[in-house]
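Structure at a glance
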Amino acid sequence: MSDLSDSAKLLIDGKTIDLNVYTGVEGERSIDVTSLFKDHGLTTYDPSLGNTAICRSSITYIDGERGVLRYRGIPIEQFDRPKPNYIEVAWALIFGRLPDDEELSQFREMLTRHELLHEGLSNQFMALPVDAPPMAILSAMISMMACYHKEFLLLEDEKSLMGAAARLISKIRTIAAFTHRRAMGLPFIYPDPSLRYCANFLHMMFSLPYKQFDVSEEMEDALNLVFILHADHEQNCSASAVRVVCSAQANLFASCSAGVNALWGPLHGGANVKVMEMLEAIYRGGYRPEDCIAAAKDKNDSFRLYGFGHRVYRNYDPRAKILKTACDRLFKTLKRNDPLLDIARKLEELALKDPYFVDRKLYPNVDFYSGILLRAMGIPTDMFTVMFAIGRLPGWIAQWKEQHFAEGGKIIRPRQLYVGNPKTDYIEMEKR
Ligand code: CMC
């Protein structure tokens, strides 16, 4: 609960305007400007919404200064358990608390029941170009689910939301694996109901008709952890896209498809592909780590050190910290190494002692080390952002649910500061 705790005064045109101040449970304060336009004709100017709380939310908490991330109040580090469980986290994000044994089993059973695609949806999938970008395929397929699951277009209670959520979370994995198989010219491998979520995904990705892929426990745990660390991140770009679309009372499929499209961008989830391309280019000898650092600092060069920096964190992203340790752990267990991990460590070392990065408080974010873990599992680089999307889906569903069921929820419709022509007359073509 956030409380009305205080008031602020805005002095403008010789008038004093009183504004309410709310305080969140962790003490963060927010000035309520909702009546400024209605009562005084004033808007607030915040171009990329870096300073605007667009909703009240009880899903995820971030303290960017201290590098804290919590899902439903639970510190993210506590999910890095000997047996990380992504489905448990998905349930907690969507339904507000950790599930009990029966709730988790029921949800798992639903995921198993709905893992296949509707045959019509499969046919449409087959009509998409085989070499289409996987994120374009994913967004189209999620959007098309609205054609085959019309019973979920209107979600007015928790039970039907659970049905829609289970279908989405289950089928996104099948869509992703089929996308990879088709791109590789390999036959589809159907889901195996005896396998858990992550093992089943790896089976669909890598089994052969005559040979079941041996999913090691270490790989299964690492994938669970990767999905958990991507599962939600409060009002990030894709979650906000989901909320904006939802606020027009659009359905869950349309909203999540918008989330996929936003995530695709290289400043957001697409950064994991850029990081891998950068590490591979260094490995092949195209650049030295020092060259990347120099290019990232050069204001005349559009290159950024991908996997570094964050709108909210002014400290080490706690997800990156966990992923870095997970890389070390996995390679130790597998008794192998990846030279790209050494390159990433070198880049991090250089950046963290460079005044450019230090002064701007730019640290590794979730995308810096995630690709190295995914690569260790055999996931190709062009599927990295799809992997992020699979992980993030429960977060989008939770954000959609909160937005959809919010009391007095209104359409999200920002204002602007108009800087175009003043009133100008139309000029006939022959006079222009
Ligand atoms: N490399 C070089 N300079 C950077 C970087 C970077 N990765 N990130 C920020 N800066 C600089 C930026 O040029 C600016 O410098 P100046 O003050 O001199 O103009 C300053 O740091 C502040 O950056 P900003 O772009 O105003 O910060 P933002 O909050 O708008 O952007 C960001 C955040 C994540 C888009 C940005 O840090 C970035 O582009 N990082 C690289 C892409 C990336 O890794 N994205 C993944 C983000 S985390 C996971 C996710 O959301 O999907």
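Residues numbered from 1 in each chain as written. Predicted model: local features only at pLDDT ≥ 70, side-chain atom pairs only at ≥ 80, totals over all residues. Heavy atoms only, no water.

To continue, consider the sheet that holds strand β2 (residues 15-23). In sheet architecture, strand pairing relies on hydrogen bonds along the backbone and comes in two forms, parallel and antiparallel. If you trace the three strands from one edge of the open sheet to the other, you get β1-β2-β3, paired in antiparallel fashion. Each edge of the open sheet carries a strand with a single partner, namely β1 (3-12) and β3 (29-31). Neighbouring strand axes in the sheet, compared pairwise and without regard to direction, differ in orientation by 30° on average. Of the pairings in the sheet, the one linking β1 to β2 comprises nine bridges and is antiparallel in character. Across the sheet, residue Asp3 finds its bridge partner in β2, namely Thr23. (Pairing = 2+ DSSP bridges. Helix = DSSP H or I, 4+ residues; strand = E, 2+ residues; numbered from the N terminus. Axes fitted to C-alpha atoms, helices over the stretch in contact; angles between N-to-C directions.)

Our next topic: the packing of aromatic side chains. One pass over the structure, following the stated rule, counts 17 aromatic pairs. Their ring planes at 80° and their centres at 6.4 Å tell us that Phe95 and Phe107 sit as a pair that is edge-to-face. Highlighted residues: Phe95 in helix α2 (residues 86-95) and Phe107 in helix α3 (residues 101-113), separated in sequence by 12 residues. For Phe95, a relative accessible area of 10% translates into the label buried. Aromatic side chains Phe308 and Phe357 sit 5.8 Å apart centroid to centroid with 75° between the ring planes, which places their arrangement in the edge-to-face category. With Phe308 in the loop between α12 (289-297) and α13 (318-334) and Phe357 in helix α15 (residues 355-359), this residue pair connects regions lying 49 residues apart in the sequence. The burial state of Phe308 is the same as that of Phe357; both residues are buried. Of the aromatic side chains, those joined through ring pairs into one cluster are Phe308, Tyr356, Phe357, Phe368 and Tyr369. (Phe/Tyr/Trp six-rings, centres within 6.5 Å; stacked < 30°, edge-to-face > 60°. Buried < 20%, exposed > 50% of the residue type's maximum accessible area, 1.4 Å probe, protein only.)

A word on the nonpolar core. Soluble globular proteins tend to bury their nonpolar side chains together. Core analysis: the biggest nonpolar cluster contains 122 residues, and Ile169, Tyr197, Phe201, Ile379 and Ile390 have the highest contact counts within it. For Ile379, the contacting residues outside a window of four places in its chain are Phe201, Leu202, Met205, Phe206, Leu374, Phe384 and Met387. (Core = buried A, V, L, I, M, F, W, Y, C linked by side-chain atoms within 4.5 Å. Contact = heavy atoms within 4.5 Å.)

The environment of the ligand is formed by 22 residues, the closest being His268, Arg304, Leu305, Gly307 and Arg311. Within the side chain of Arg304, one N or O atom sits 2.6 Å away from an oxygen atom of the ligand. When the ligand sits alone it has 930 Å² of accessible area, and the protein chains cover 76% of it. Here the shell around the ligand is composed, by residue class, of 11 nonpolar, six polar and five charged. (Near = heavy atom within 4 Å. Polar contact = N/O pair within 3.5 Å; in protein donor to acceptor, adjacent residues only side chain to side chain. Areas by Shrake-Rupley, 256 points an atom, 1.4 Å probe, with all protein chains shown as cover. Nonpolar A, V, L, I, M, F, W, Y, C, P; charged D, E, K, R; others polar.)

It is worth spelling out the pattern of salt bridges at this point. Applying the stated criterion to the full structure yields 23 salt bridges. We note a salt bridge from Glu26 to Arg70, for which the minimum N-O separation is 2.8 Å. Of this pair, Glu26 sits in the loop between β2 and β3 while Arg70 sits in strand β5 (residues 68-71); the two residues are 44 residues apart in sequence, bridging distant segments of the chain. Using a relative accessible area of 39% as the deciding quantity, one classes Glu26 as partly exposed. Between Asp291 and Arg288 there is a salt bridge, with the nearest N and O atoms lying 3.0 Å from each other. Residues participating in the shared-partner salt-bridge network are Lys83, Glu217 and Asp221. (Salt bridge = Lys/Arg side-chain N within 4 Å of Asp/Glu carboxyl O.)

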